[in-house]
Amino acid sequence: MTKIRSKTVFVNVENTIKIGNNDAIEATLVHSVIAYEKENGGVGVDIDFIDIEDVKFLGIPVEGGYSGYNKFKAQMLELGINVDKLVDEKAEDIIETETINEVKQMFSRLNRKCC
């Protein structure tokens, strides 16, 4: 007989950011929001930055996938612009409390229906 040991809700969320002088760089950040049952019976949430997509510079898409984005970052760094640092700063605390609560509610609904 199969027994479910634990339950987890894993949700990817996207946020569009604009960074740099005059918001010259635009991109979509993807985070995973993971809700799980804590040992005390509460709902825990972990948030991880997992990807950056649809990067544009001055409205022009950065082509070439991952390697194209790395080349773009290197070119920007030569100009004194640390794209990684700007993205990290913007990504910090970008996931809204409302989104976290929604994922927690998803988990709670799943937990009530299951097992």
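Our structure's up above, just so we're on the same page.
**Student:** Looking at this model, I keep getting lost on the side chain of histidine 31. Mind explaining?
**Tutor:** Tracing the chain through its elements places histidine 31 in strand β2 (residues 25–37). Residues within four places of histidine 31 in sequence aside, it is in contact with Val11, Asn12, Val13, Ile47, Asp48, Phe49, Ile50, Ala91, Ile94 and Ile95.

**Student:** Hey, could you run me through the pattern of salt bridges in this one?
**Tutor:** Two side chains bearing opposite charge may form a pair once their charged atoms approach each other closely. All chains considered together, the criterion is met by one salt bridge. Linking lysine 73 and aspartate 84 is a salt bridge whose minimum nitrogen-to-oxygen distance equals 3.0 Å. A residue pair is termed long-range when its members are at least 10 positions apart, and lysine 73 in helix α1 (residues 65–78) and aspartate 84 in helix α2 (residues 83–91) qualify at 11 residues. Using a relative accessible area of 17% as the deciding quantity, one classes lysine 73 as buried.

**Student:** I'm lost on the packing of aromatic side chains in this one. Help?
**Tutor:** Two aromatic rings, taken as a pair, are described by how far apart their centres are and by the angle between their planes. In this structure the tally under the stated criterion is one aromatic pair. Ring centres of phenylalanine 57 and phenylalanine 72 lie 5.6 Å apart, and the angle between their planes is 55°; this geometry places the pair in the tilted category. Separated by 15 residues along the polypeptide, phenylalanine 57 in strand β3 (residues 43–57) and phenylalanine 72 in helix α1 bring together distant segments of the chain. Relative accessible area serves as the criterion here: at 6%, phenylalanine 72 is assigned to the buried category.

**Student:** How should the sheet that holds β3 be read in this particular structure?
**Tutor:** Consider a sheet: its strands pair through backbone hydrogen bonds, and that pairing is either parallel or antiparallel. Here four strands make up an open sheet; going across it, the order is β1-β2-β3-β4 and the pairing antiparallel. Looking at which strands have only one partner, the edges of the open sheet turn out to be β1 (8–19) and β4 (60–61). Where β2 and β3 come together, 12 bridges link them in antiparallel fashion. What sits directly across from histidine 31, in β3, is phenylalanine 49.

**Student:** Before we go on, may I ask you to explain a negative patch on the surface in this structure?
**Tutor:** A contiguous patch of negative charge, built from Asp88, Glu89, Glu92 and Asp93, is present on the exposed surface. For glutamate 89, the location among the structural elements is in helix α2. Judged by relative accessible area, which is 46%, glutamate 89 ranks as partly exposed.

**Student:** Even after reading the chapter, I still don't get the layout of surface pockets, so can you show me in this structure?
**Tutor:** In this approach a probe as big as a water molecule rolls over the atoms, and the regions it shows empty are the leftover space. One number sums up the size of the largest pocket: a volume of about 350 Å³. Lining the largest pocket are 17 residues; nearest its centre among them are Asp51, Ile52, Glu53, Val55 and Tyr69. Those elements that place two or more of their residues in the lining of the largest pocket are β3, α1 and α2. Looking at side-chain class alone, the lining of the largest pocket contains nine nonpolar, two polar and six charged residues.

Rules used throughout
- The residue count restarts for each chain, going from 1 along the sequence in the order it is written.
- Given that the model is predicted, a residue must reach a pLDDT of at least 70 before its local features are reported, and side-chain atom pairs must reach 80 or more before they are shown or counted; all residues, however, enter totals for whole chains, interfaces and linings.
- To obtain the side-chain values, all non-hydrogen atoms of the structure were used and water was disregarded.
- Put simply, DSSP marks the helices as runs of H or I at least four residues long and the strands as runs of E at least two long, and each gets a number from the N terminus on.
- Whether two residues are in contact is decided by their heavy atoms: any pair within 4.5 Å suffices.
- Criterion for a salt bridge: a side-chain nitrogen of Lys or Arg within 4 Å of a carboxyl oxygen of Asp or Glu.
- Partly exposed describes any residue whose relative accessible area lies between the buried limit of under 20% and the exposed limit of over 50%, with all areas from a 1.4 Å probe on protein chains only and scaled to the type maximum.
- In summary, the pairing rule links any two rings of Phe, Tyr or Trp, Trp by its six-membered ring, whose centres are within 6.5 Å, and it sorts them by plane angle into stacked for under 30 degrees, edge-to-face for over 60 and tilted for everything else.
- Paired strands are those between which DSSP finds at least two bridges.
- Nonpolar side chains (Val, Leu, Ile, Met, Phe, Trp, Tyr) are joined into patches within 5 Å and like charges within 9 Å, using only residues with over 30% relative accessible area and no salt bridge.
- To be clear on the numbers: accessible area is Shrake-Rupley with a 1.4 Å probe, and residue cover counts the displayed protein chains and nothing else.
- Here Asp and Glu are counted as negative and Lys and Arg as positive; His is not counted, and neither are the chain ends.
- A charge is said to be at NZ when it belongs to Lys, at CZ for Arg, at CG for Asp and at CD for Glu.
- A pocket, in this scheme, is an open set of points on a 1 Å grid over the protein atoms alone with protein on both sides within 12 Å along at least 5 of 7 lines, while a cavity is a set where a 1.4 Å probe fits but cannot get out; residues line either one if an atom lies within 4 Å of a point.
- Grid points are joined across faces, edges and corners, and a volume is the space filled by probe spheres set on the points.
- Each residue gets one of three labels, nonpolar for Ala, Val, Leu, Ile, Met, Phe, Trp, Tyr, Cys and Pro, charged for Asp, Glu, Lys and Arg, and polar for the others, Gly among them.

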